[in-house]
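The chain contents come next:
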Amino acid sequence: MTKNASGQMLATRRYLALFFPFLPVERWLRTAPQRPDAPLVFAEKQRGAMRIASVDPEAEAIGLRVGMPLADARAQVGELTVVPHDPVLDHEWLDRLAQGCARYSPLVALDVPDGLILDIAGADHLYGGEAGLVADVEMRLARLGLTVRHALGPTADAARALARYQTRPAPDEGQAIRRLPVAALELEAGATTALARAGLKTIGDLASRPMANIAARFGADAAMALRRLLGDAPSPLDPRIALPPVVTERRFAEPLGSSTHATKILAELASQAIEDLAERGKGGRHFRATFFRSDGLARSIAIETGHPTRDTGLVMRLFAERMESLADPLDPGFGFDMIRLAVPRIEALGASQLKLEGGAVKEAAIDELADRLATRLGRSRVRRFRPVDTHIPEQAQLQLPAVDAPVPLPWQEPDPGEPPTRPFHLFDPPQPIEVIAEVPDGPPHHFRWRRATHAIRRYEGPERIAAEWWRRRDNGGLTRDYYRVEDAHGRRFWLFRHGLYDEKPDPRWYIHGVFA
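Residues numbered from 1 in each chain as written. Predicted model: local features only at pLDDT ≥ 70, side-chain atom pairs only at ≥ 80, totals over all residues. Heavy atoms only, no water.

Caption draft 1: Seen up close, helix α11 (residues 220-230). Every buried residue of α11 is listed here: Ala222, Ala223, Ala225, Leu226, Leu229 and Leu230. Down the axis of α11, the buried side of the element spans an arc of 165°, and every buried residue falls inside it. Structural note: α11 exposes Ala220 and Asp221 on the side pointing more than 90 degrees away from its buried face. Gly231 occupies a position one or two residues after α11 and carries a positive phi of about 90°. (Buried < 20%, exposed > 50% of the residue type's maximum accessible area, 1.4 Å probe, protein only. Helix = DSSP H or I, 4+ residues; strand = E, 2+ residues; numbered from the N terminus. Arc of directions from axis to C-beta.)

Caption draft 2: Local environment of the side chain of Arg293. Secondary-structure assignment places Arg293 in strand β11 (residues 282-293). At 2.6 Å, the side chain of Arg293 and the side chain of Asp295 are in polar contact. If we skip the residues at most four places from it in the chain, Arg293 touches Arg103, Arg140, Asp331, Pro332, Gly333, Gly335, Phe336 and Asp337. (Polar contact = N/O pair within 3.5 Å; in protein donor to acceptor, adjacent residues only side chain to side chain. Contact = heavy atoms within 4.5 Å.)

Caption draft 3: Seen up close, the pattern of salt bridges. All told, the structure shown has 30 salt bridges when counted by the stated rule. Arg14 serves as the salt-bridge partner of Glu173, at 2.6 Å between the closest nitrogen and oxygen. Here Arg14 lies in the loop between β2 (9-10) and β3 (15-19) and Glu173 lies in helix α7 (residues 173-178), a separation of 159 residues in the sequence. Accessibility expressed as a relative area gives 17% for Arg14, which makes it buried. The closest approach of N and O atoms between Arg293 and Asp331, which form a salt bridge, is 3.9 Å. (Salt bridge = Lys/Arg side-chain N within 4 Å of Asp/Glu carboxyl O.)

Caption draft 4: Summary view of the environment of Pro329. Checked against the element boundaries, Pro329 lands in the loop between α13 (312-324) and β13 (336-348). Along the chain, Pro329 and Ser259 lie 70 residues apart, while their C-alpha atoms are 9.8 Å from each other.

Caption draft 5: Expanded view of empty space enclosed by the protein. Under the definition given, this model contains one cavity of 30 Å³ or more. Forming the boundary of the largest cavity are Leu97, Gly100, Cys101, Arg103, Tyr104, Val137, Arg140, Leu141 and Gly296. Going through the elements one at a time, α4 (87-101) and α5 (130-143) are the ones with two or more residues in the lining of the largest cavity. Within the lining of the largest cavity, the residues separate by chemical class into five nonpolar, two polar and two charged. (1 Å grid on protein atoms, 1.4 Å probe; cavity = no way out; pocket = protein on both sides within 12 Å on 5 of 7 lines; lining within 4 Å. Points joined across faces, edges and corners; volume = space filled by probe spheres on them. Nonpolar A, V, L, I, M, F, W, Y, C, P; charged D, E, K, R; others polar.)

Caption draft 6: Structural detail: the nonpolar core. Residues Leu185, Leu195 and Ile203 are the most contacted members of the largest nonpolar core, which totals 30 residues. The set of elements that each furnish at least two residues to this core consists of β3, α6 (156-165), α7, α9 (203-207), α10 (211-218) and α11. Residues within four places of Ile203 in sequence aside, it is in contact with Ile177, Arg178, Leu180, Pro181, Val182, Leu185, Leu226, Leu229 and Leu230. (Core = buried A, V, L, I, M, F, W, Y, C linked by side-chain atoms within 4.5 Å.)

Caption draft 7: Molecular detail of the side chain of Arg160. As for its placement among the helices and strands, Arg160 is situated in helix α6. Within the local environment of Arg160, its side chain forms a polar contact with the side chain of Asp111, the two groups lying 2.7 Å apart. What Arg160 contacts, discounting residues up to four positions off in sequence, is Ala17, Asp111, Ile117 and Glu186.

Caption draft 8: Quick peek at the sheet that holds strand β17 (residues 444-449). Sheet architecture is closed into a barrel: six strands sit in the order β16-β17-β18-β19-β20-β21, paired in antiparallel fashion. Averaged over all adjacent pairs, the angle separating strand axes in this sheet is 45°, with direction ignored. The pairing of strand β16 (residues 425-437) with strand β21 (residues 508-514) spans five bridges and is classified as antiparallel. Counterpart to Gln431 in the pairing with β21 is Ile511. (Pairing = 2+ DSSP bridges. Axes fitted to C-alpha atoms, helices over the stretch in contact; angles between N-to-C directions.)

Caption draft 9: Spotlight on the packing of aromatic side chains. Tallied over the full model, the rule gives eleven aromatic pairs. Ring centres 4.8 Å apart and planes at 35° place the aromatic pair Tyr482 and Phe496 in the tilted group. You can see Tyr482 sitting in strand β19 (residues 480-487) and its partner Phe496 sitting in strand β20 (residues 492-498), a full 14 residues away along the chain. Where Phe496 meets Tyr510, the ring centres are 5.4 Å apart and the plane angle is 20°; that geometry is what we call stacked. Separated by 14 residues along the polypeptide, Phe496 in strand β20 and Tyr510 in strand β21 bring together distant segments of the chain. (Phe/Tyr/Trp six-rings, centres within 6.5 Å; stacked < 30°, edge-to-face > 60°.)

Caption draft 10: Molecular detail of the packing of helix α12 (residues 259-280) against α13. Relative to each other, α12 and α13 sit at 140°, their axes nearing to 9 Å. Between α12 and α13, the angle is such that the two are oblique. In the packing of α12 onto α13, the handedness of the crossing is right-handed. Contacts from Thr263, Leu266, Ala267, Ala270, Ser271 and Ile274 of α12 reach α13 at Thr312, Met316, Phe319 and Met323. For the contact of α12 with α13, a count of residues per class yields seven nonpolar, three polar and no charged. (Parallel < 35°, antiparallel > 145°, perpendicular 65-115°, else oblique. Left-handed = near helix turned anticlockwise from the far one by under 90°.)

Caption draft 11: View of the sheet that holds β11. Here we have four strands laid out as an open sheet, ordered β10-β13-β11-β12, and antiparallel in their pairing. Sheet topology places β10 (246-256) and β12 (298-309) at the edges, where each strand pairs with a single neighbour. Direction aside, neighbouring strands of the sheet carry axes that sit 10° apart on average. Across ten bridges, β11 lies against β13 in antiparallel orientation. Bridging from a neighbouring strand, Arg288 pairs with Ala342 of β13. The sheet contacts of α4 involve β11 and β12, and relative to β12 the element is tilted by about 75°.

Caption draft 12: Spatial organisation of unusual backbone geometry. Residue Pro113 follows Val112 across a cis peptide bond; omega there is 10°. When you line up the elements, Pro113 lands in the loop between β7 (108-111) and β8 (115-119). A cis amide bond links Gly461 with the next residue in sequence, Pro462, at an omega value of 5°. Along the polypeptide, Pro462 turns up in strand β18 (residues 452-465). Positive phi is not limited to glycine here, since Glu186 has a value of about 55°. Structurally, Glu186 can be placed in the loop between α7 and α8 (189-197). Its identity is not glycine, yet Arg451 carries a phi of approximately 65°, on the positive side. Its location among the elements puts Arg451 in the loop between β17 and β18.

That is the geometry; function is a separate question.
Encoded structure:
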């Protein structure tokens, strides 16, 4: 148990906040051919004018600030290197950093646009304490050429505020939080100005006032932000990836420089995860392997299956399929020093009895084939049809990704010796045709479709299909009379009259499908 800034006892939680003050600049310099000689700024259009979105240390030292009009910056500095600001690439780079920091804790949150927050409770012992963990973080980020400011705190909000607004160290975190400027609350500009005019310059000044008076004078947001900063109100962390139910990992004293060796370790981790799933009576539907490089970056590879599985061989075959189809091959760089396998999605999977005639084996082979194709081609490119409980023909089936399809329902089969009641191919939408038929509700005798006339020799029907009355709308909800017809050349079609004569004065005819 620990005490918060107000002296209350709280359950022990520790958070590490990382702030990258020059993230856009240092991200851009990683791929730039050479570092520019002039001060570097990133600009974007804001409120109808070009303004500075980020600066490098040199530009900051000469007084250029974020939000300054670019024209004023050019007037102040003779030579200036200007680069268009790209927040999308910055976010992708921050996400890669978060993926790499998952080596320290599975609970890593993005503090957009230029920070990360890690829940390190119970993880620091792997590095000899918090100081050792922070030193390892700084070492790996320095290898990437990143400037970072960090802070530890009992809450996520406190650690974040200390990393961004702390000017000099304090004897303990409680005092450091109270010495922060009120700007650390990150309120609207008007509220921050009102606090300053009232003589409340630090968090300590504000914390000495009754909370009800703060809410009444400066708004409920100011009171809540203060309570979260002091630890009197929860400041939950929204992790980048939710904590999976099953995780196995392996750390290495000497980094692995071979992707082949890393794959063998992954197979061992998969076996351990399968054993854990078997003890729970569960199977995995989603497996995610993360390869942590010694330079601080990480690469994740994920696979999915259409049904829960505890087959290690299947899991590794799917990983092999995914690795072979990667546009950017798995690169160990200076070596992998940790590999983690997570199973974020699990479902119940009991023991199965094989059928004597081998039907279950055949179904399992089809499921495995669908999983392999979806892994190689993409989850949305391999689909399965699923029957739907409705009598509307075009709505009687859904097309779903194979890995998302639920347990298949039985399809309606025709009686032995009877022709199929539904055509092999349905037109979407049904195609209009010209029909000669008996009025008011007689069968069709001739119809014209695609500039060809068909004389009907045989027919079956009508099969009357009414609309779903609970979903009827204007210009819809008409009754359909379907006919299975055969023309003089033996070709079979599925036609319908859309509407009865008492529903519509001039019903139209359509062809909805063709039989094989």
